[in-house]
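# Structural overview for review
Here are the chains, one letter per residue:
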Amino acid sequence: MTGGNELGELMLDPDEAQRKMDRWAAGLEEKAQRYAAAQERTEQLRLTATSSDGAVKITVGADGGVTDIEFGNKARTYPLEELSRQILQTMHKAQSGIASQVADVMQESLGDEDQETRALMIGTLRSRFPEMEEEESSDPPAPPAPSADTPPAPRDKRHEAPDDEENSPW
């Protein structure tokens, strides 16, 4: 209903007015269904990243929240400070793909519809979860050498003969 004359024509033909309103309402319903489908797919997104040495594996949802953390055997060899760094770095690596994945879902579900809103939303996601640059080295820094103040690391007893009194893997 862009022309001033069109409104007058619709008033003269109430059936045509009803058909146009029905088409408009159906279009809105279809749009709402596409948006609901995009939202559902987005909520199901999971992005996983693994540290370069396999010590840490983290999965996040589209909101950036961590949904799963797994530790490889190598994680036990790291001092807590290094393990914390590996966890955060791997989490950020997983989160860095969120904007791109959400953009893909929106493109598939909505096509070229509503570009301005989409650009705003994707821009917000990119500012919250920026893409990470490739790591310079594929190996993490070696754990620091123990000092006099550092207690010795626990020994891995899995390959030793079990004690007679205790046969526990812990």
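Residues numbered from 1 in each chain as written. Predicted model: local features only at pLDDT ≥ 70, side-chain atom pairs only at ≥ 80, totals over all residues. Heavy atoms only, no water.

## Remarks on helix 2 (residues 14–44)
Taking 1.5 Å per residue, 31 residues should reach 45 Å; helix 2 reaches 45 Å between its end C-alpha atoms and fits that length. Those residues of helix 2 lying buried are Ala17, Ala38 and Thr42. (Helix = DSSP H or I, 4+ residues; strand = E, 2+ residues; numbered from the N terminus. Expected span 1.5 Å × (residues − 1). Buried < 20%, exposed > 50% of the residue type's maximum accessible area, 1.4 Å probe, protein only.)

## A closer look at the nonpolar core
Membership of the largest hydrophobic core comes to 24 residues, with the highest contact counts inside it found for Val60, Ile98, Val102, Ile122 and Leu125. Looking at this core, the elements that each hand over two or more residues are strand 1 (46–50), strand 2 (56–61), helix 3 (80–95), helix 4 (98–110) and helix 5 (115–128). In terms of residue count, helix 4 provides more of this core than any other element does, 7 residues in total. When residues no more than four places from it in sequence are discounted, the contact partners of Val60 are Leu45, Arg46, Leu47, Gly65, Val66, Thr67, Met91, Ala94, Gln95 and Ile98. (Core = buried A, V, L, I, M, F, W, Y, C linked by side-chain atoms within 4.5 Å. Contact = heavy atoms within 4.5 Å.)

## Quick notes on the confidence of the model for the protein chain
A low pLDDT means the predicted coordinates there should not be read in detail. With 72% of its residues at a pLDDT of 70 or more, the protein chain shows a mean pLDDT of 79. Below pLDDT 50 for its whole length, residues 136–148 participates in 15 contacts with residues either more than four positions away or in separate chains. Throughout residues 155–170 the model reports pLDDT below 50, and contacts reaching past four residues in sequence, or to other chains, amount to 4 contacts. (pLDDT = per-residue confidence, 0-100.)

## Side note on the pattern of salt bridges
Per the counting criterion, the structure on display carries 5 salt bridges. A salt bridge links Arg19 to Glu16, with the nearest nitrogen and oxygen atoms 2.9 Å apart. Here Glu16 and Arg19 lie together in helix 2, a separation of 3 residues that amounts to about one turn. Look at Glu16 and you get partly exposed, because its relative accessible area is 22%. Residue Arg23 is joined to Glu16 by a salt bridge in which the shortest nitrogen-to-oxygen separation is 3.6 Å. Salt bridges linked by common partners bring Glu16, Arg19 and Arg23 together as one network. (Salt bridge = Lys/Arg side-chain N within 4 Å of Asp/Glu carboxyl O.)

## Digging into the packing of helix 2 against helix 4
How two helices sit against one another is set out by the angle between their axes and by the gap between those axes. Contact geometry of helix 2 with helix 4 gives a least axis separation of 9 Å together with a crossing angle of 150°. Classified by the angle their axes make, helix 2 and helix 4 are roughly antiparallel. When the axes of helix 2 and helix 4 are compared, the crossing they make is right-handed. Taken together, the residues of helix 4 that come into contact with helix 2 (itself represented by Arg34, Tyr35, Ala38, Arg41 and Thr42) are Val102, Val105, Glu108, Ser109 and Leu110. Of the residues that constitute the contact of helix 2 with helix 4, the class distribution is 5 nonpolar, 2 polar and 3 charged. (Axes fitted to C-alpha atoms, helices over the stretch in contact; angles between N-to-C directions. Parallel < 35°, antiparallel > 145°, perpendicular 65-115°, else oblique. Left-handed = near helix turned anticlockwise from the far one by under 90°. Nonpolar A, V, L, I, M, F, W, Y, C, P; charged D, E, K, R; others polar.)

## Quick notes on a nonpolar patch on the surface
On the surface, Met21, Trp24 and Leu28 cluster together to form a nonpolar patch covering roughly 330 Å² of accessible area. Within the element layout of this structure, Met21 appears in helix 2. Its relative accessible area of 40% is what places Met21 among the partly exposed residues. (Patch = residues over 30% accessible without salt bridge, like charges linked within 9 Å, V, L, I, M, F, W, Y side chains within 5 Å. Areas by Shrake-Rupley, 256 points an atom, 1.4 Å probe, with all protein chains shown as cover.)

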